Amino acid sequence: MTVMETETTRTPSPAQSPAEGQNTDGGSDTKADTCASAPSAHPRPSGQDHYTISEVVAFIGLTAHTLRWYERIGLMPHIDRSHTGQRRYRNRDLDWLTFVGKLRLTGMPVADMVRYAELVREGDHTFVERQELLEQTRRDVRTRITELQDTLAVLDYKINFYADARPVSERL
């Protein structure tokens, strides 16, 4: 199974939109493991979604070097190639790269991102391990948010201190 193949999902929570794995009639169905937090608009419709590495660089904002490195380390699924050997990315690859970008923002170590990608490729029986990995990342993010909020409070205090300490004539 490649990283982006479909997976059977459990019935989603009421907060999920139909695009996140629920038919409009309320039943559950399968969805691609796009891993994006919300449906993204793709530059091209499915079936016409062949992108060169330079187009992906423009859409996603990563360098070509980074995209090749992601492939080498196993963070990207197998990328199709044209008859001339040129990489041909698909919409599902753009979705995956968007998700990887979110994981990078969380501070998740690359080794954990690669492990997550491996688990997705292994199949549905790894749902529990994937969930645990993402829950640990969420705990780490929440801890970091708390630390940043504390830091922001200190900065706000110092900014207000200096604003109040200036002579009235400078504050006008």
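If you're wondering where the values come from, they're calculated on a predicted model, not measured in any experiment.

Engineer: Go over the pattern of salt bridges with me, naming the residues and quoting the values.
Structural biologist: Applying the stated criterion to the full structure yields six salt bridges. One salt bridge connects Asp 49 with Arg 90, and the closest N-O pair in it is separated by 2.8 Å. Here Asp 49 is found in the loop between β2 (30-32) and α1 (53-60), whereas its partner Arg 90 is found in the loop between β4 (87-88) and α3 (91-106), with 41 residues between them in sequence. Each of the two residues, Asp 49 as well as Arg 90, counts as buried. For Arg 115, the salt bridge identified is with Glu 118, shortest N-O distance 3.5 Å. Pair noted here: Arg 115 and Glu 118 are both in helix α4 (residues 110-122), with a separation of three residues, about one helical turn. By relative accessible area, which is 27% here, Arg 115 ends up partly exposed. What emerges from the salt-bridge pattern is a single network uniting Arg 115, Glu 118, Glu 122 and Glu 129.

Engineer: I'd like a description of the confidence of the model for the chain, backed by residues and values.
Structural biologist: Averaged over every residue, the pLDDT of the chain is 82; the share at 70 or more is 76%. Residue range residues 1-32 is modelled with pLDDT below 50. Its contacts to residues more than four positions away, or to other chains, number 59 contacts.

Engineer: Give a detailed account of α3, specifying residues and quantitative values.
Structural biologist: Taking 1.5 Å per residue as the helical rise, α3 with its 16 residues ought to reach 22 Å, and the 23 Å between its terminal C-alpha atoms agrees with that figure. All buried positions along α3 are accounted for by Asn 91, Asp 93, Leu 94, Asp 95, Trp 96, Leu 97, Phe 99, Val 100 and Leu 103. Contacts made by the buried residues of α3 are with α1, α2 (64-73), β4, α4 and α5 (127-165). Looking one or two residues past α3, Gly 107 carries a phi angle of roughly 90 degrees, positive in sign.

Engineer: Could you give an account of the environment of Glu 129, with specific residues and numbers?
Structural biologist: Position of Glu 129 among the secondary structure elements: in helix α5. As for Glu 129 and Leu 119, which are separated by ten residues in sequence, their C-alpha atoms are 7.7 Å apart. The contacts of Glu 129, once residues within four sequence positions are left out, are Arg 115 and Leu 119.

Engineer: So what's going on with α2? Which residues, and what values?
Structural biologist: Turning to α2, its buried residues are Thr 66, Leu 67 and Tyr 70. Buried residues of α2 fall within an arc of 100 degrees about the axis and therefore sit on the same side. Across α2 from its buried face, at more than 90 degrees, point the exposed residues His 65 and Arg 72. Along its buried surface, α2 packs onto α1 and α3. Positioned one or two residues after α2, Gly 74 has a phi angle of 90 degrees, which is positive.

The rules behind these values
- Residues numbered from 1 in each chain as written.
- Predicted model: local features only at pLDDT ≥ 70, side-chain atom pairs only at ≥ 80, totals over all residues.
- Heavy atoms only, no water.
- Salt bridge = Lys/Arg side-chain N within 4 Å of Asp/Glu carboxyl O.
- Helix = DSSP H or I, 4+ residues; strand = E, 2+ residues; numbered from the N terminus.
- Buried < 20%, exposed > 50% of the residue type's maximum accessible area, 1.4 Å probe, protein only.
- pLDDT = per-residue confidence, 0-100.
- Contact = heavy atoms within 4.5 Å.
- Expected span 1.5 Å × (residues − 1).
- Arc of directions from axis to C-beta.

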